[in-house]
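Chain and residue survey
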Amino acid sequence: MTSPSDAFAERISGAPGVVVRAGTVLTMDDRRTVLPNADVHLVGDRIAAVGPQLDVPEGTVEIDAGGGIVMPGMIDTHRHMWQTAMRAYGADWTLTQYFVWYYLEWGKVFRPQDIHAGNLVSAIEAVDAGVTTSVDWSHGLQTVEHAEAAVDALRSVPGRFVLAYGNIQQGPWVWSVSAEFRDFVARTPRSDMLGLQLAFDVTGDPEFPEKAAFEAARDLGISVTTHAGVWGATNDVGIRQMHEHGFMTPSTVYVHAATLTNDSYHRIAASGGSVSVATESEQSCGQGYPPTWVLRSHDIPVSLSMDTSVWQSADLFSAMRSTLGADRSRVHLEAHAKGDTVTHSHLRAADVVEFATRGGATALGMDDLVGSLEVGKKADVVVIKNDHSPVMFPLVNPYGHVVMQAQRGDVHTVIVDGRVLKHDGRLVGIDLAPARAAVESTVEYLKATLGTEAWEKGMNPDIPERALLENPYQYSDLAMPTAEEPDPEPEPSGT
Ligand SMILES: [Zn+2]
């Protein structure tokens, strides 16, 4: 028996192309052109035409996007994919608990097959959620065997990926200059389906030992991505060191950049780099306040990221919505502190859709390939459509709809490099069973290695004591609440 997705896979194999018909098309071109009731025609790995009622060759597979939204594939510029093997384990963690668990205590027990398992499920999940390009911020690569495993997993899923090579178990000035690493880089072919970055952080050590890693990146022609402006971990000193040594370039991606001063933002802006904002992570973990509200005043380009599935999933709808909310929340708060009222919002729904598409493409130096639906670009397309959902109509404000109404369950079709990987809400030609088995085996291994007590304790950190305020009022069902001596100015809560 064949499933509907198998039957679809059969239908598209050998077809001269694919046409996505009659959707509201968010091209995300320079003018942010929106085309109602338009088609996107794909031939091979490229976009051949975008417009209304396109003529296409006989045999072209038609995908009906009527009533839906067609947009470029989304791009996540920072995701620790190996950690997806522990999905949701750290939902109640702070950043400190994350550091203790992975950096100090347990990160080193991950074997190559565990990296593979996490990457495999994470890669499939990304495609399923309409994230057609993901940067695998892979900082658990203790050995080159771990790196091979990471790459094998990424290659086995036909999404677009960038391996950001890192290793938290060793200084970057050690591993980045090792013969093994050089050899790995030399024998791992790079393409627009699998790119390469160097991933490490600059701690602010006055000796600036990371200099050697930056030099290695420069020698190899590889861009650097770095967690910058992370409360308690990285700060202005690292930015200044990078700047003074000439290591800040337009292709450098600063992740979070949430606790920097204007001086650092000026240096980032002047050198043309971009910031990967991981709003949900920043809100839960404490790297700093999601910085889009301040990046705006420096004109620093933004892309979005989910960080890690030990907390969040690969859901860029959630990233767009939380980023818009956090930005507006901060702007209101700043105004209220001055007794002002915000009457017009700076950040718009269209802006965060751009962060999630074009912004990622620009950050990765791939703007000529992906990030918008324009003729000649790679065929990375997402259709948002759900005929069973009351949330898909009316469709009056497409950007607002994508950001505030749609969700990953509404991702109907996903096409990467011209290949249809999801159709009618179901993955096409991608089998979940091996990923499920691999992840289950990693979880079993981790539980056995940590022991039940450490495993449970790691997942359920202590809750700090709650300080209850003295309440001057008392409730009685005989009378309205009264206070013996009402305090005209109660203490503010949340201190
Ligand atoms: Zn991160």
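Because the structure is predicted, anything quoted here is derived from the model rather than measured. Along each chain, residue indices are assigned from 1 in the same order as the chain's sequence is written. Two thresholds apply to this predicted model, a pLDDT of at least 70 for residue-level local features and 80 or more for giving and counting side-chain atom pairs, whereas whole-chain, interface and lining totals are computed over all residues. Hydrogens and water are ignored here; the side-chain numbers use all heavy atoms of the structure.

What follows covers the nonpolar core. In this text, buried Ala, Val, Leu, Ile, Met, Phe, Trp, Tyr and Cys residues form a nonpolar core when linked through side-chain atoms within 4.5 Å. To sort residues, take the accessible area from a 1.4 Å probe on protein chains only and compare it with the maximum for the residue type: under 20% means buried, over 50% means exposed, and anything in between is partly exposed. Y102, Y165 and M320 are the most contacted members of the largest nonpolar core, which totals 108 residues. Runs of E in the DSSP output that reach at least two residues are strands. Runs of H or I that reach at least four are helices, and both are numbered from the N terminus. The dominant element in this core, judged by the number of residues it contributes, is helix α3 (residues 112-128), at eight residues. In what follows, a contact means two residues having at least one pair of non-hydrogen atoms within 4.5 Å. Setting aside residues up to four positions removed in sequence, Y165 forms contacts with S138, L141, T143, V144, A147, W175, F181, F184, L196, Q197, L198 and A199. V25, A65, I415 and V428 belong to the second-largest nonpolar core, a separate cluster that totals 20 residues.

Turning our eyes to something else, we now look at the pattern of salt bridges. Salt bridge criterion: a side-chain nitrogen from Lys or Arg within 4 Å of a carboxyl oxygen from Asp or Glu. In total, this model carries 31 salt bridges according to the counting rule given. As a salt-bridge pair, K211 and E215 come within 3.1 Å of each other at their nearest N and O atoms. Here the residue K211 and the residue E215 both occupy positions in helix α7 (residues 211-220), the gap between them amounting to four residues, near one helical turn. Using a relative accessible area of 30% as the deciding quantity, one classes E215 as partly exposed. A single salt-bridge network, built from bridges that share partners, covers D45, R46, R160, D192, K378, D380 and D417.

Moving on, we come to the packing of helix α15 (residues 433-450) against helix α16 (residues 452-459). Fitted lines through C-alpha atoms serve as axes, helices being fitted only where they are in contact, and the angles separating the N-to-C directions of these axes extend from 0 to 180 degrees. Orientation of α15 relative to α16, taken along the N-to-C sense of each, is 110°, at an axis distance of 5 Å. Considering the angle they form, α15 stands roughly perpendicular to α16. On α16, the residues that touch V443, L446, K447 and L450 of α15 are T452, A454 and W455. Gly counts as polar in this scheme, as do all residues outside two lists: the nonpolar Ala, Val, Leu, Ile, Met, Phe, Trp, Tyr, Cys and Pro, and the charged Asp, Glu, Lys and Arg. Looking at the contact of α15 with α16 residue by residue, the class counts come to five nonpolar, one polar and one charged. Between 65 and 115 degrees an angle is taken as roughly perpendicular, under 35 as roughly parallel, over 145 as roughly antiparallel, and anywhere else as oblique.

By themselves these figures say nothing about function.
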